[in-house]
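Residue-level listing of the chains:
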Amino acid sequence: MANILVVDDELGIRDLLFEILNDEGHAVEVAENAAQARLARQAARPDLVLLDIWMPDTDGVTLLKEWAGSGLLNMPVIMMSGHATIDTAVEATRIGAQAFLEKPITLQKLLKAVEQGLARKPMAVPVKGVVSGVNKDAAMAASTPQAVVLPPTHQSFDLEHPLREARDAFERAYFEYHLTQENGSMTRVADKTGLERTHLYRKLKQLGVDLSKAKRAA
C-alpha cells in the first residue's frame, strides 16, 4: 500500500481516482488546487502524486517546477491533462515528471502508470544544486505484500433461493475467494478469472463485494 496524492480541480475526477486507487489498497489524499496540494504534500509526504496540468490558481507544470526548485521533488509525479500539447508533456518530463496520462484516463492505463511510478526512482533533476533522491517509503510500499486472512475454500449455498440470488451469492463468494488468494490484486484476479479489468471492477461493485477487506487485514 502506498500514499498517493491526487491533485485535480474537477470533483468527478478526484472522486473517481480516489475510489479506484482506494479499492486497490492505497491510502489516497485529494487536493483541488495547488494551495491544497502544497499542504497535503507537506503533511502526508506522498509516495506518488497524480497532478493535473490545468488548474485555476497555479497550473500543474508551475507547481512541479516549484517542487523541483525547492528540492521537494523526491516522489514520482504523474501528470494528467485532457488538453495538454506535446510540448507541455515534454516540458513536464524534463522538469521531473515520470509519466503523462491523457484524459479521459482508462482504468488500465491509470493502474499501470501508478504501478510503474511506484516501482521506479524519481528522476534525478539537478535544480539549484539539489538532486532529488530515492523515495524509500514508496519502494517499500510497492514491494510489501498485503497480509490477508484466507476464507474457507468450501462454502454452502441455499439452493432454495431464486436462481438470480443463488448465482449472485456464488459469484460473490467466488470473487472474494480469489481476491483474498491474490492479496487484493485486481490485475491477478482479472488474469485468473479471465475477465477484463474494467468488467471485473464493475462486476465486483454490482455484487457488493467488499474491496476494502484486504486493506483492513493489511
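Refer to the structure above for everything that follows.
Just so it is clear, the structure is predicted and the values come from calculations on it, not from any experiment.

So, about the side chain of Lys203. With respect to the helices and strands, Lys203 occurs in helix α9 (residues 197-207). Not counting chain neighbours up to four residues away, the residues in contact with Lys203 comprise Glu171 and Phe175.

Before going further, it helps to examine the pattern of salt bridges. Applying the stated criterion to the full structure yields eight salt bridges. We note a salt bridge from Glu10 to Lys103, for which the minimum N-O separation is 3.9 Å. In this pair, Glu10 is assigned in the loop between β1 (3-7) and α1 (11-23) and Lys103 in the loop between β5 (99-102) and α5 (107-119), connecting sequence segments 93 residues apart. We classify Lys103 as buried; its relative accessible area is 16%. Here Arg38 and Glu66 are joined by a salt bridge, their closest N and O atoms 2.7 Å apart. Of this pair, Arg38 sits in helix α2 (residues 34-44) while Glu66 sits in helix α3 (residues 60-69); the two residues are 28 residues apart in sequence, bridging distant segments of the chain.

As a further point, take the nonpolar core. By size, the foremost hydrophobic cluster in this structure holds 28 residues, and its most contacted members are Ile4, Leu21, Leu50, Leu110 and Val114. Counting residues per element, the ones that place at least two in this core are β1, α1, β3 (48-52), β4 (77-81), α5, α7 (163-181), α8 (186-193) and α9. Of the residues forming this core, the biggest block, six residues, is contributed by α5. Setting aside chain neighbours within four positions, we find Val114 in contact with Ile4, Leu21, His26, Leu48, Leu50 and Ile78. Judged by nonpolar contacts, the second largest core, of 22 residues, contains Ala37, Ala40, Met75 and Ala92.

Moving on, we come to the pairing of β4. In terms of residue burial, β4 counts as a mostly covered element, since five of its five residues are buried. Burial along β4 is two-sided: the residues Val77, Met79 and Ser81 and Ile78 and Met80 are all buried. Examined bridge by bridge, β3 and β4 share four bridges and lie parallel to one another. Bridge pairing links Val49 to Val77 in β4. Bridge count for β4 against β5 is four bridges, and the pairing is parallel. Paired with Ser81 across the bridge in β5 is Glu102.

Two elements in contact, α5 and α9, have axes separated by 9 Å at closest approach and are oriented at 100 degrees. The angle between α5 and α9 falls in the class roughly perpendicular. Here α5 contributes Leu107, Gln108 and Leu111 to the contact with α9, which in turn contributes Arg197, Thr198 and Tyr201. Considering only residue class, the contact of α5 with α9 consists of three nonpolar, two polar and one charged.

With that settled, consider unusual backbone geometry. The omega torsion across Lys103 and Pro104 is -5 degrees, close enough to zero to call that bond cis. Within the secondary structure, Pro104 is located in the loop between β5 and α5. A positive phi angle is found at Arg45, which is not glycine, with a value near 45 degrees. Relative to the helices and strands, Arg45 is located in the loop between α2 and β3. Given the relative accessible area of 59%, Arg45 is considered exposed.

Conventions adopted
- Residues numbered from 1 in each chain as written.
- Predicted model: local features only at pLDDT ≥ 70, side-chain atom pairs only at ≥ 80, totals over all residues.
- Heavy atoms only, no water.
- Helix = DSSP H or I, 4+ residues; strand = E, 2+ residues; numbered from the N terminus.
- Contact = heavy atoms within 4.5 Å.
- Salt bridge = Lys/Arg side-chain N within 4 Å of Asp/Glu carboxyl O.
- Buried < 20%, exposed > 50% of the residue type's maximum accessible area, 1.4 Å probe, protein only.
- Core = buried A, V, L, I, M, F, W, Y, C linked by side-chain atoms within 4.5 Å.
- Pairing = 2+ DSSP bridges.
- Axes fitted to C-alpha atoms, helices over the stretch in contact; angles between N-to-C directions.
- Parallel < 35°, antiparallel > 145°, perpendicular 65-115°, else oblique.
- Nonpolar A, V, L, I, M, F, W, Y, C, P; charged D, E, K, R; others polar.

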